[in-house]
Amino acid sequence: MNKFAVNLTTIFTEVPFLERFKKARECGFSFVECQFPYDYSIEEIQMELVRNQLSMVLLNLPPGNWSKGDRGLAVDPNRVDEFRSSVMEGIKYATAMNVPRIHCMAGIVSEDDKKIANEVFHENLFFAGTEMAKHGLTVLIEPINQNDMPDYFLSDIHQAKDILDTLRLPNVKLQFDFYHIQRIHGNPLTLFQQYADVVGHIQIADVPGRNQPGIGEMDYQSIFQYLHDTYEGYIGLEYTPLGKSQDSFEWLRGGGK
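Visitor: Would you mind going over the state of the cysteines with me for this structure?
Guide: Taken as a whole and judged by the stated rule, the model has zero disulfides. Among the cysteines around Cys27, which has no disulfide bond, Cys34 carries the closest sulfur, lying 17 Å off. Relative accessible area serves as the criterion here: at 18%, Cys27 is assigned to the buried category. Between Cys34, a cysteine without a disulfide, and Cys104, which holds the nearest cysteine sulfur, the sulfur-to-sulfur distance is 16 Å.

Here it is, written out as structure tokens:
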């Protein structure tokens, strides 16, 4: 059975963050994920997880200053110390809350700086992977489309696979977001089949609006059938609900929660 994890950063935004855990439980979910939990204490989040009998399966490393345009720190040669501090902060949250996976956002980079950014990204990922391995954690990298995030460094799945092949760290894997792969390359199911051996987590949303499956152009019926038969991990619902959040799960038809 596919294990769906509702993303508390993008769903249930009708209520404050700490109230979204209860909403997830009320809608029948056992698993949640979120992007950046760092505005809240570990104790506050732990309380909501326990109270609502939820497991958190994914969070992101601190991305820098989001409001000022940061989308990750891992490619910036001038912020290596800050990146390493973010890794330790992510580990602190993940280990305390039993979160097994951490997504490391790469960051924004200009065309002229891509070469040095690539070198820094490899070095920082090696550091993150090595540190997180000490705690049994998996590091994830994710190609993100340039329409949604202009100048994002990691915007090609083949580029991501090359990075993984170079690092050769067993706990550094691919976060495969069907929405982003559709926007970047098309044919996301074919690409998933090609790279399934390095996938550590899946996320979904429909194209073009990044809303719930079933209202866009993607063939999620075929995708879900294939994943049901072949994939044993979690599937993050990182979409923006069209309409009320609780009404956006109609496509689940009561299964897989």
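Visitor: Looking at this structure, I do not really get the packing of aromatic side chains. What am I missing?
Guide: Two aromatic rings, taken as a pair, are described by how far apart their centres are and by the angle between their planes. Summed over all chains, the structure comprises 18 aromatic pairs. Note on Phe17 and Tyr40: the rings are 4.9 Å apart at their centroids and 25° apart in plane angle, and the pair reads as stacked. Of the two residues, Phe17 sits in the loop between strand S1 (3–7) and helix H1 (20–26) while Tyr40 sits in the loop between strand S2 (31–33) and helix H2 (42–51), which places them 23 residues apart along the sequence. Under the relative-accessibility criterion, Tyr40 is labelled partly exposed at 26%. Through pairs of rings, three or more aromatic residues link up here, namely Phe4, Tyr220, Phe224, Tyr239 and Trp251. Directly above the ring of Tyr234 sits Lys3, whose terminal nitrogen or CZ lies 4.5 Å from the centroid. Sitting above the plane of the Phe127 ring, Arg84 keeps its charged end 4.3 Å from the centroid.

Visitor: Sorry, what's going on with unusual backbone geometry here?
Guide: Glycine aside, the phi torsion of most residues is negative, and most peptide linkages are trans. The omega torsion across Val207 and Pro208 is 15°, close enough to zero to call that bond cis. Considering the arrangement of structural elements, one finds Pro208 in the loop between strand S7 (199–204) and helix H8 (220–230). Backbone geometry at Asn98 places phi at a positive 60°, although glycine is not the residue there. Examined against the element boundaries, Asn98 turns out to sit in the loop between helix H3 (80–97) and strand S4 (101–103). For Asn98, a relative accessible area of 66% puts it in the exposed group.

Visitor: How do you make sense of the side chain of Asp177 when you look at a structure like this?
Guide: Looking at the secondary structure, you find Asp177 in strand S6 (residues 172–177). Ignoring any residue separated from it by four or fewer positions in sequence, one finds Asp177 in contact with Glu142, Gln203, Ile204, Arg210 and Glu238.

Visitor: Looking at this model, I keep getting lost on the pattern of salt bridges. Mind explaining?
Guide: Opposite charge on two side chains permits them to pair, given that their charged atoms come into close proximity. The full count for this structure, using the stated rule, is ten salt bridges. Of the charged contacts, one joins Asp165 and Lys161 as a salt bridge, the two residues approaching to 2.9 Å between their closest N and O atoms. On the criterion of helical spacing, the pair formed by Asp165 and Lys161 is a turn pair, its members being four residues apart in helix H5 (residues 157–167). Take Lys161: its relative accessible area is 18%, and that puts it in the buried class.

Visitor: What is the right way to look at H3 in this model?
Guide: The α-helix winds at 3.6 residues per turn, so residues separated by three or four positions along the chain end up facing the same way. For H3, with 18 residues, the first-to-last C-alpha span of 26 Å sits near the 26 Å given by 1.5 Å per residue. Looking only at H3, the buried set comprises Phe83, Ser86, Val87, Gly90, Ile91, Tyr93, Ala94 and Met97. Looking one or two residues past H3, Asn98 carries a phi angle of roughly 60°, positive in sign.

What counts, and where the lines are drawn
Note on numbering: residues in each chain are counted from 1, in written sequence order. Residue-level local features of this predicted model are given only where pLDDT is at least 70; pairs of side-chain atoms are given and counted only at 80 or more, and the full residue set underlies all totals for whole chains, interfaces and linings. Note that the side-chain values use all heavy atoms of the structure and ignore hydrogens as well as water. The criterion for a disulfide is a pair of cysteine sulfur atoms lying within 2.5 Å. Any residue under 20% of the maximum accessible area for its type is buried, any over 50% is exposed, and the rest in between are partly exposed; the area is computed with a 1.4 Å probe on protein chains only. Stacked, tilted and edge-to-face are the three classes assigned to paired rings of Phe, Tyr and Trp, where Trp is represented by its six-membered ring and a pair needs centres within 6.5 Å; plane angles under 30 degrees give stacked, over 60 edge-to-face, the rest tilted. Working definition: helices are DSSP H or I runs of at least four residues, strands are E runs of at least two. Numbering for both runs from the N terminus. A ring is scored as having a charge over it whenever the NZ atom of a lysine or the CZ atom of an arginine sits within 6 Å of its centre and within 35 degrees of its normal. Note on contacts: a residue pair qualifies if any of its non-hydrogen atoms lie within 4.5 Å across the two residues. Salt bridges, as used here, are contacts in which a Lys or Arg side-chain nitrogen is within 4 Å of a carboxyl oxygen on Asp or Glu. Here the expected span of a helix is defined as 1.5 Å times the quantity of residues minus one.

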